[in-house]
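# Structural features, examined
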Amino acid sequence: MQPLLQRLISSLALLSLLAANQASAQHLPMPDKGRLLATAGVTQLEGAGGGGLTPWATITGYGSEDSYGVNAHITQVATQDYRLQTTGVALGIADKLEFSLAKQKFTGNLAPLDQLELQQDIVGIKLKIAGDLVTDQDSWQPQVAIGAMYKRNHSVKGLEALGITNVKQLGAVDDSGVDYYLSATKLLLEHSLLVNGTLRLSKANQMGLLGFGGDKRKGYQLLPEVSLGYLINRKLVAGVEYRSKPQNLAVDNEKAYYDAFLAWFPSKSVSLTLAYAHLGDITVFNPKNQRGWYLSLQIGQ
């Protein structure tokens, strides 16, 4: 898995560099941005194209089936006791295939976890397998995509005094793992409504930040995720999301995520998403429901 991960990272980095320097790369044409504004969605917490909490069947960027799109994002989520930052790049090819690379950093600010720092890298791939978000308005056929996310957790920092340097010491079975998902997204232009349903096969604890599998349950679980968006106008989308979670660890009474969001698309090159998110309990050391603001900026071509 590690050589494959390195090849994926190298390929994505090279493609992103080419797109970022397209003015000097005469053999690489400019993206045509042929798709409708807002139909590419935004970037979710793990780097895939979609909503804020869950991936959609949409392919990132605005490139048509004859082009490509590339973007970069930075996302901050701040709750009472914790902060999560996600940064990454994503590439959409021919409105069919998506590659993404993201890095998550999770930190604490309240004792006894005020020195806590967790990080993980995520490599994602998504393939559209059926339907079209815009052209299938005369049927109930949604756009459908399958995807996978390979995640690798770094060492635990800030708990050395307790002798904890790895998520396995918190009860996790592994410090790396793969999520698999199937997403179906339907856009009802006549009603200015977008509906998404995702089924995720996962054993990740808190998206993988606390490892994979645990002392309570080790295997994969099928977890539903739902998004609903309303197009207020051509540039503004409001909505809600829900994401179910596993409960694998004794030290983490993990709860479902949900949010209410407002996404602004001033152009096809920029989007800004503001949400109020509820992330539930994170660990038994700070046993309270974590709520806070989510802010994400995406810039691309």
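Here the structure is shown first, and the text comes after it.
Attention here is on the structure that accompanies the text. Because the structure is predicted, anything quoted here is derived from the model rather than measured. (Residues numbered from 1 in each chain as written. Predicted model: local features only at pLDDT ≥ 70, side-chain atom pairs only at ≥ 80, totals over all residues. Heavy atoms only, no water.)

Residues I74, W264, L272, L274, Y276, W293, L295, L297 and I299 make up a contiguous nonpolar surface patch of roughly 850 Å² in combined accessible area. Those elements that place two or more of their residues in the nonpolar patch are β13 (270–280) and β14 (290–300). Looking at the nonpolar patch, the element that brings in the most residues is β14, giving 4 residues. Checked against the element boundaries, I74 lands in strand β3 (residues 68–79). Judged by relative accessible area, I74 falls into the partly exposed class, the value being 37%. (Patch = residues over 30% accessible without salt bridge, like charges linked within 9 Å, V, L, I, M, F, W, Y side chains within 5 Å. Areas by Shrake-Rupley, 256 points an atom, 1.4 Å probe, with all protein chains shown as cover. Salt bridge = Lys/Arg side-chain N within 4 Å of Asp/Glu carboxyl O. Helix = DSSP H or I, 4+ residues; strand = E, 2+ residues; numbered from the N terminus. Buried < 20%, exposed > 50% of the residue type's maximum accessible area, 1.4 Å probe, protein only.)

Here we come to the pairing of β13. The sheet contact formed by strand β12 (residues 257–267) and β13 spans 8 bridges and is antiparallel. Bridge pairing links Y258 to H278 in β13. If you look at the hairpin formed by β12 and β13, you'll find 2 residues sitting between the two strands. Where β13 and β14 come together, 10 bridges link them in antiparallel fashion. Of the residues in β14, the one forming a bridge with T273 is S296. (Pairing = 2+ DSSP bridges.)

Let us look at empty space enclosed by the protein. Under the definition given, this model contains 4 cavities of 30 Å³ or more. For the largest cavity, the calculated volume is near 130 Å³. Lining the largest cavity are 15 residues, with L84, F106, Y257, L279 and I282 positioned closest to its centre. Of all the secondary structure elements, the ones that give two or more residues to the lining of the largest cavity are β3 and β4 (82–93). It is β4 that provides the largest number of residues to the lining of the largest cavity, a total of 3 residues. Here the residues of the lining of the largest cavity sort into 12 nonpolar, 2 polar and 1 charged. Each pocket or cavity is described by its volume, and for the second largest cavity that value is around 80 Å³. What lines the second largest cavity is a set of 14 residues, and nearest its centre among them are Y62, K268, S269, Q298 and G300. Looking at the lining of the second largest cavity, the elements that each hand over two or more residues are β3, β12, β13 and β14. (1 Å grid on protein atoms, 1.4 Å probe; cavity = no way out; pocket = protein on both sides within 12 Å on 5 of 7 lines; lining within 4 Å. Points joined across faces, edges and corners; volume = space filled by probe spheres on them. Nonpolar A, V, L, I, M, F, W, Y, C, P; charged D, E, K, R; others polar.)

Okay, the pattern of salt bridges next. Pairing between side chains of opposite charge can happen when their charged atoms approach one another. Per the stated rule, a full pass over the model turns up 17 salt bridges. The salt bridge partner of D121 is K103, with a shortest N-O separation of 3.3 Å. Note that D121 is positioned in strand β6 (residues 117–130) and K103 in strand β5 (residues 97–108), a separation of 18 residues in sequence. On the basis of relative accessibility, which here comes to 32%, the residue K103 falls in the partly exposed class. With a shortest N-O distance of 2.6 Å, K245 and E254 are connected by a salt bridge.

Here the idea is plain: a probe the size of a water molecule rolls over the atoms and shows the empty space left. Estimated volume of the largest pocket: approximately 300 Å³. Taken together, 24 residues make up the lining of the largest pocket; nearest its centre are L37, A38, T39, L231 and V237. If you list the elements that add at least two residues to the lining of the largest pocket, you get β10 (221–233) and β12. Split into classes, the residues belonging to the lining of the largest pocket amount to 14 nonpolar, 9 polar and 1 charged.

Our focus in this paragraph is the packing of aromatic side chains. In this structure the tally under the stated criterion is 3 aromatic pairs. Aromatic side chains Y82 and F106 sit 5.0 Å apart centroid to centroid with 25 degrees between the ring planes, which places their arrangement in the stacked category. Of this pair, Y82 sits in strand β4 while F106 sits in strand β5, placing them 24 residues apart in sequence. Assigned by exposure class, Y82 and F106 land together as buried. Considering the side-chain rings of Y276 and W293, the 5.0 Å spacing of their centres and the 70 degrees angle between planes classify their relative orientation as edge-to-face. Here the residue Y276 occupies a position in strand β13, and W293 occupies one in strand β14, the gap between them amounting to 17 residues. (Phe/Tyr/Trp six-rings, centres within 6.5 Å; stacked < 30°, edge-to-face > 60°.)

Attention now moves to the environment of N166. Summarising the element assignment, N166 is placed in the loop between β7 (143–153) and β8 (176–188). With relative accessibility at 21%, the residue N166 sits in the partly exposed group. Each C-alpha atom, one on N166 and one on G211, is 8.9 Å from the other, the two residues being 45 residues apart in sequence. Discounting residues that sit within four places of it in the chain, N166 has contacts with V156 and D175. Of note is the side chain of N166, whose polar atom sits 2.8 Å from the backbone nitrogen of K168. (Contact = heavy atoms within 4.5 Å. Polar contact = N/O pair within 3.5 Å; in protein donor to acceptor, adjacent residues only side chain to side chain.)

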